[in-house]
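Chain and residue survey
Listed below are the residues making up each chain.
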Amino acid sequence: NAGVTQTPKFQVLKTGQSMTLQCAQDMNHEYMSWYRQDPGMGLRLIHYSVGAGITDQGEVPNGYNVSRSTTEDFPLRLLSAAPSQTSVYFCASSYRTPGQGTNYGYTFGSGTRLTVV
Amino acid sequence: GENVEQHPSTLSVQEGDSAVIKCTYSDSASNYFPWYKQELGKRPQLIIDIRSNVGEKKDQRIAVTLNKTAKHFSLHITETQPEDSAVYFCAATPITGNQFYFGTGTSLTVIP
């Protein structure tokens, strides 16, 4: 049981480049999400998914796309990287949508530190 | 949507003293309140949580209290140790919610 696996751990991009941050979980979690963490701003939700084939926007979705073709994978795509997207990105998952029934909070991945120059 | 405020943003205590971090929330429908600890360079990890039908919950040196009327909840760490140094995040979610709403974090430093 690997939990939530994020790749890569570090990445440097040039402005305008695109890339995909990978997230996979082996816990059969229905709910998956992407956050970015910036100093003094806590964790801000980018996109989330309540199950395979279903995605929705969070607080800061601009410049990012997601898809959920399988229960296990939830990749985050940066379409045209900008310096403002320099951040630490966390993928997180849970059994059910937050607030529904029994819930034990998120399991977070180890994060991807992205620098856009 | 929900708005979670967290105070203080930084906190320094002497080893052995207690530390208290407070959060307020705006949505009276919020019913689940987890706390996360994030050590430097690591991922956030759940340390304790509380549901709206409970006023207090303890786990060894850590406790969380909830005041639904005032819409605030607090994390209490007793007998602090250097390994408690980390950033702590509170969060809230309503029963119909599709996300956790996080506070902006408290950087706790325990001075040996």
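Quick note: structure is the one above.
We now turn to the structure provided with this report. (Residues numbered from 1 in each chain as written. Chains lettered and ligands numbered in written order. Predicted model: local features only at pLDDT ≥ 70, side-chain atom pairs only at ≥ 80, totals over all residues. Heavy atoms only, no water.)

**Points about unusual backbone geometry**
This is how the line gets drawn: Comment: elements are numbered from the N terminus, with helices defined as DSSP H or I runs of at least four residues and strands as E runs of at least two.
Geometrically, the link from T7 of chain A to P8 of chain A is a cis peptide bond, its omega value of -5° lying close to zero. Along the chain, the position of P8 of chain A falls in the loop between strand 1 (4-7) and strand 2 (10-13). The peptide bond linking H7 of chain B to P8 of chain B adopts the cis configuration, its omega dihedral lying at -5°. For P8 of chain B, the position within the fold is in the loop between strand 1 (4-7) and strand 2 (10-14). Notably, E79 of chain B is not glycine yet its phi reads approximately 45°, a positive angle. Tracing the backbone through its elements, the reader meets E79 of chain B in the loop between strand 8 (72-77) and strand 9 (86-94).

**Examining the environment of H72 of chain B**
All names here are of chain B. Basically, it comes down to this: The rule is simple: take the accessible area with a 1.4 Å probe, protein chains only, and divide by the maximum for that residue type; under 20% is buried, over 50% is exposed, in between is partly exposed. Only heavy atoms matter for contacts: two residues are in contact if any of them lie within 4.5 Å across the pair.
On the secondary structure map, H72 appears in strand 8. Since its relative accessible area comes to 32%, H72 is described here as partly exposed. A sequence separation of 32 residues divides H72 from L40, and the C-alpha atoms of the two residues are 27 Å apart. Excluding anything up to four places from it in sequence, H72 contacts C23, T24, Y25, T65, L66 and N67.

**Looking at the state of the cysteines**
This is how it is decided: Disulfides are defined in this document as cysteine sulfur pairs within 2.5 Å.
In the structure shown here, the tally under the stated rule is 2 disulfides over all chains. Covalently, C23 of chain A is tied to C91 of chain A through a disulfide, its sulfur atoms 1.9 Å apart. One disulfide, between C23 of chain A and C91 of chain A, carries an S-S torsion of -70° and so falls in the left-handed class. Here the residue C23 of chain A occupies a position in strand 3 (residues 19-25), and C91 of chain A occupies one in strand 9 (residues 87-94), the gap between them amounting to 68 residues. Among the residues examined, C91 of chain A registers a relative accessible area of 0% and is labelled buried. Between the sulfur atoms of C23 of chain B and its disulfide partner C90 of chain B the distance amounts to 1.9 Å.

**Details of the interface of chain B and chain A**
The condition is simple: One side-chain nitrogen of Lys or Arg within 4 Å of one carboxyl oxygen of Asp or Glu is enough to make a salt bridge. Two N or O atoms count as a polar contact when they lie within 3.5 Å, although within protein this holds only if one can serve as hydrogen donor and the other as acceptor, and sequence-adjacent residues are included solely when both atoms are side-chain atoms. Put simply, Ala, Val, Leu, Ile, Met, Phe, Trp, Tyr, Cys and Pro go in the nonpolar bin, Asp, Glu, Lys and Arg in the charged bin, and everything else, Gly too, in the polar bin.
Taken residue by residue, the interface counts 21 residues in chain B and 25 residues in chain A. Linking chain B with chain A are 0 salt bridges, by the criterion used here. Summed over the shared surface of chain B and chain A, the result is 4 residue pairs in polar contact (both at pLDDT 80 or more). Mapped by element, the contributors of at least two residues to the side of chain B that touches chain A are strand 4 (30-38), strand 5 (45-51) and strand 9 of chain B. At 4 residues, strand 4 of chain B tops the list of elements feeding residues into the side of chain B that touches chain A. The residue inventory of the side of chain B that touches chain A, partitioned by class, reads 9 nonpolar, 8 polar and 4 charged.

**Remarks on the sheet that holds strand 3 (residues 19-25) of chain B**
All names here are of chain B. This is how it is decided: Being paired, for any two strands, means DSSP has found at least two bridges between them. To obtain each axis, a line is fitted to C-alpha atoms, and for helices this fit is confined to the stretch in contact; angles are then taken between N-to-C directions over 0 to 180 degrees.
Reading across the sheet, the 5 strands line up as 1-3-8-7-6 and stay open at both edges, with antiparallel pairing between neighbours. With one partner strand each, in any of the chains shown, strand 1 and strand 6 (56-59) form the two edges of the open sheet. Here the average twist between neighbouring strands, direction ignored, is 15°. Bridge analysis of strand 1 against strand 3 gives 4 bridges, and the strand direction is antiparallel. Bridging from a neighbouring strand, V4 pairs with Y25 of strand 3.

**Observations concerning the environment of V54 of chain B**
Residue and element names in this part refer to chain B. Within the element layout of this structure, V54 appears in the loop between strand 5 and strand 6. Of the residues examined, V54 reaches a relative accessible area of 35% and is grouped as partly exposed. Distance from V54 to T65, taken between C-alpha atoms, is 8.4 Å for residues 11 residues apart in sequence.

**Points about the pattern of salt bridges**
Residues and elements named next belong to chain A. Evaluation of the coordinates by the stated rule reveals 5 salt bridges over all chains. The closest approach of N and O atoms between R44 and D38, which form a salt bridge, is 2.8 Å. Just as R44 is buried, D38 falls in that class too. In this structure, a network of salt bridges that share partners links the residues R36, D38 and R44.

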